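Overview (structure and organization)
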Amino acid sequence: MQPLLQVTDLHTEFRTGAGIVRAVDGISYTVDQGETVAIVGESGSGKSVGALSILRLIPDPPGRITRGEVLFAGRDLMKLSDAQMREVRGGDIGMIFQEPMTSLNPVLTVGRQITETLEQHRRADPAKRAVELLSLVGIADPARRLKQYPHELSGGMRQRVMIAIALACDPKLIIADEPTTALDVTIQAQILELMHGLTRRLKVALVIITHNLGVVARYANRVNVMYAGRIVESGPAAAIYAQPRHPYTMALLRSVPRLDQLRRARLDPVDGQPPDLTRLDGGCAFRPRCRFAIAACAVAQPLLTAADGASHLTACVRSHEIGALAGATA
Amino acid sequence: MRASAENAAPLLEVRGLRKMFPVTEGILVRRAIGEVRAVDGVTFTIRRGETLGLVGESGCGKTTTGRCILLLDRPTAGAILYDGIDLTKLKYSELMPLRRRIQVIFQDPYSSLNPRMTVGDIIAEPMKVHAVERDARRRATRVRELLSICGLNPNFADRYPHEMSGGQRQRVGIARALALNPEFIICDEAVSALDVSIQAQIINLLEDLRERFGLTYLFIAHDLSVVRHLCQRVAVMYLGRIVELADRDELFDHALHPYTRALLDAVPVPDPAIEASRSFRPVKGEVPSPINPPTGCVFHPRCPIAVAGCSRTRPELREVRPGHWVACSEVN
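Since this is a predicted model, take the numbers as computed values, not measurements.

Calculation rules
Residues numbered from 1 in each chain as written. Chains lettered and ligands numbered in written order. Predicted model: local features only at pLDDT ≥ 70, side-chain atom pairs only at ≥ 80, totals over all residues. Pairing = 2+ DSSP bridges. Helix = DSSP H or I, 4+ residues; strand = E, 2+ residues; numbered from the N terminus. Domains from an automatic or database assignment. Contact = placed C-beta atoms within 7 Å. Nonpolar A, V, L, I, M, F, W, Y, C, P; charged D, E, K, R; others polar. Buried ≥ 20, exposed ≤ 12 C-beta atoms within 10 Å, placed from the backbone. Axes fitted to C-alpha atoms, helices over the stretch in contact; angles between N-to-C directions. Parallel < 35°, antiparallel > 145°, perpendicular 65-115°, else oblique. Left-handed = near helix turned anticlockwise from the far one by under 90°.

Moving on to the sheet that holds strand 5 (residues 85-86) of chain B. All names here are of chain B. As summarised here, the arrangement of the four strands in space is 2-1-4-5, forming an open sheet in which the pairing is antiparallel. Looking at strand neighbours, the two that pair on one side only are strand 2 (31-47) and strand 5, the edges of this open sheet. As paired strands, strand 1 (residues 10-25) and strand 4 (residues 77-82) are joined by five bridges and run antiparallel to one another. Across the sheet, the residue bridging to Leu 12 is Tyr 82, located in strand 4.

Shown next as structure tokens:
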């Protein structure tokens, strides 16, 4: 079966005072119908730019999508006209962003922002649908809430409104960029459960972009780990957590304190500093921080290759021996 | 060592701390139309050498509690005894020598460093303010020493904050806090803004410094896994009040207050196998407004075990096991 979304060799760069930054440097991945795929990475890894590139929301200048193909339900989004692209955004692809306060329009009522999307996509009876949508996302007394402005709502409530807007036109895919990062722990749990339940029930695929390894473990079927603009490891969530095959993923998982394990005397951090994207050379970008780096790592950027089985990929020249190496130092 | 620490007098004792902020209306003529009870009767102690974690969600009053201890906000009521002296009763001139012993590390390494000052000037500033090192050359030497203590190259003294990464900036913030050889440091979400890979580096640094200089920390945070790693005792706050306080292991292994349990339950664990087997039901509702808090127990509208009486009487903290305090009438 054809995947719902197929991203191939996507490149996005920004021209900055310090030089050209290859924020997304050749990423490829697929999302099947109804599945949840997580893109995990730290600030500057290119996870958000990658998602915005799919939607062609990169401000140009300074940014530019230089190469790549994004097949969504059989169409290459990179080849669509701007008008066609506007049909896709908010139509077949819904979006949820991190900060609901800045992504909602402060001078429009909640109701207006939902009906605006519905009208843009020429849906019947927007007012009735807006009430329906607010009930769907668990907002009590929807008729009253529709008349309110974003500032009258709490952070969690605003994010529910964002979800309602994303779901307004029965999308096939929702892209959620750090949807709960700005929220408190108990509200984060509510919103994630809501998104998870709704995407399952309505059979919507979800691309969730996050830095939170716990969130990924709870909700994602498959995971792509990004570092310095590239996907360094990709595979089923279970496999990646049980047997990470890229030194960065290993280091990341090892560095977080965990409530489910005995308290460790000392944390094992990832050494060094995050990469400076204006100064990358031709080698593996993680090399300066990697415990297993060898001379070969400086020669070329490693490509994603099969680690364990066909679906678990890693971009490391030592991928065949990394499991044994990690075992030896653990 | 543990026993002797417990017998020692507390370094910090906060008693019945309250802080109200007025809610105002009007543009030209401002008048108070109500008040926010940011901190509503908080009592705890911190022993010398101990790290107390103060956890809770936004608006629970944890940061205001820290700011009151620093007297950045004047408490509305209550006492803050530092080494036996009530800071709230001191005049500015009397406070200054004590303030030198209490320092703070802020959350955001971007906004807490002046972008127009070099890193060296930022770290030297507390020494100038408190006139502890008047000689410029000795001050510069001390700056270089502090940078290297915090794991930075001493040559960074000539750089500006924008030339550094978030983790490096936070190390500068820590170096500044150490400049006056303090005994007590308030870490207000000191690692929350950092990337996962950098967070562990800074946590390890805070632990090393605690050991090396015998520091006492008040560690204000919302991330429970970090708090469990770093703190010996933990207080959980909700809507301006402490709802549970216990030793670390006791709190994380035998949490009693329904809010603490909800918080712990809400943290997803980085292991898909565990998450798949876990039945999970998030606590309902949202944190109510501190302008108009619920009657009785402030958590009762969201509480899974609330009974009729919970909306009437406010439960006080009581010691249910040695050292384990809970403000809930339904647990024992």
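With that settled, the discussion passes to the domain arrangement of chain B. It is common to give the size of an interface as the accessible area lost on bringing the parts into contact. Residues and elements named next belong to chain B. According to the domain assignment, chain B consists of domain 1 (2-101 + 183-284) and domain 2 (115-181). Listed by partner, the interface residues are 11 residues for domain 1 and 11 residues for domain 2. Looking at which element gives the most residues to the side of domain 1 that touches domain 2, the answer is helix 7 (residues 196-213), with five residues. When its residues are assigned to classes, the side of domain 1 that touches domain 2 shows eight nonpolar, one polar and two charged.

As a further point, take the interface of chain A and chain B. Facing the 38 residues of chain A at the interface are 35 residues of chain B. Mapped onto the side of chain A that touches chain B, the elements with two or more residues apiece are helix 8 (185-201), helix 9 (213-219), helix 10 (237-242) and helix 11 (247-255) of chain A. Among the elements that line the side of chain A that touches chain B, the one with the most residues is helix 8 of chain A, at seven residues. Partitioned by chemical class, the residues of the side of chain A that touches chain B number 19 nonpolar, 10 polar and nine charged.

Residues and elements named next belong to chain A. Domain parsing of chain A yields domain 1 (5-220) and domain 2 (246-258 + 276-329). Each partner contributes to the interface: domain 1 provides seven residues, whereas domain 2 provides five residues. At four residues, the largest contribution of residues to the side of domain 1 that touches domain 2 is made by strand 2 (residues 19-31). In terms of residue class, the side of domain 1 that touches domain 2 is built from four nonpolar, two polar and one charged.

With that settled, consider the pairing of strand 8 (residues 205-210) of chain A. All names here are of chain A. With respect to burial, strand 8 is a largely interior element, six of its six residues being buried. Of the two faces of strand 8, both are covered, the one formed by Ala 205, Val 207 and Ile 209 as well as the one formed by Leu 206, Ile 208 and Thr 210. Sheet topology places strand 3 (residues 36-40) next to strand 8; five bridges connect them, and they run parallel. Among the inter-strand pairings, Ile 39 is bridged to a residue of strand 8, identified as Ile 209.

What follows is about the packing of helix 4 (residues 119-129) of chain B against helix 6 (residues 166-178) of chain B. Residue and element names in this part refer to chain B. Two numbers describe how helix 4 lies on helix 6: the axes approach to 7 Å, and their chain directions differ by 30°. On the basis of the axis angle, helix 4 is roughly parallel to helix 6. Once helix 4 is placed against helix 6, the crossing between them reads as right-handed. From helix 4, Val 119, Ile 122, Ile 123 and Pro 126 reach across to helix 6, where they touch Val 172, Ala 175 and Arg 176. Taken together, the residues of the contact of helix 4 with helix 6 sort by class into six nonpolar, no polar and one charged.

Take the pairing of strand 9 (residues 233-238) of chain B next. Walk down a regular strand and you will see the side chains alternate between the two sheet faces. Residues and elements named next belong to chain B. Summarising burial for strand 9: five of the six residues are buried, a large majority. One ladder, built from four bridges, connects strand 3 (residues 51-55) with strand 9; its direction is parallel. Residue pairing for strand 9: Leu 54 is matched across the bridge by Ala 235. The hairpin turn running from strand 9 into strand 10 (residues 241-247), its antiparallel successor, is two residues long, and Leu 239 in that turn takes a positive phi close to 50°.

As a further point, take unusual backbone geometry. Going from A:Asp60 to A:Pro61, the amide bond is cis rather than trans, its omega being -10°. Assignment of secondary structure puts A:Pro61 in the loop between helix 1 (47-54) and strand 4 (63-72). Going from A:Pro61 to A:Pro62, the amide bond is cis rather than trans, its omega being 5°. The residue A:Pro62 is located in the loop between helix 1 and strand 4 in this model. Even without being glycine, A:Arg122 reaches a positive phi, approximately 55°. Residue placement: A:Arg122 occurs in the loop between helix 4 (110-120) and helix 5 (126-136). Looking at A:Arg122, the number of C-beta atoms within 10 Å reads 10, which means it is exposed. In this structure, B:Asp83 is a non-glycine residue whose phi angle is positive, near 55°. On the secondary structure map, B:Asp83 appears in the loop between strand 4 and strand 5.

Now for the environment of A:Leu325. Residue and element names in this part refer to chain A. Along the chain, Leu 325 turns up in helix 12 (residues 322-329). A C-alpha to C-alpha distance of 31 Å links Leu 325 and Thr 278, two positions 47 residues apart in sequence. Among all residues touching Leu 325, those that are not within four sequence positions of it are Phe 292 and Arg 318.

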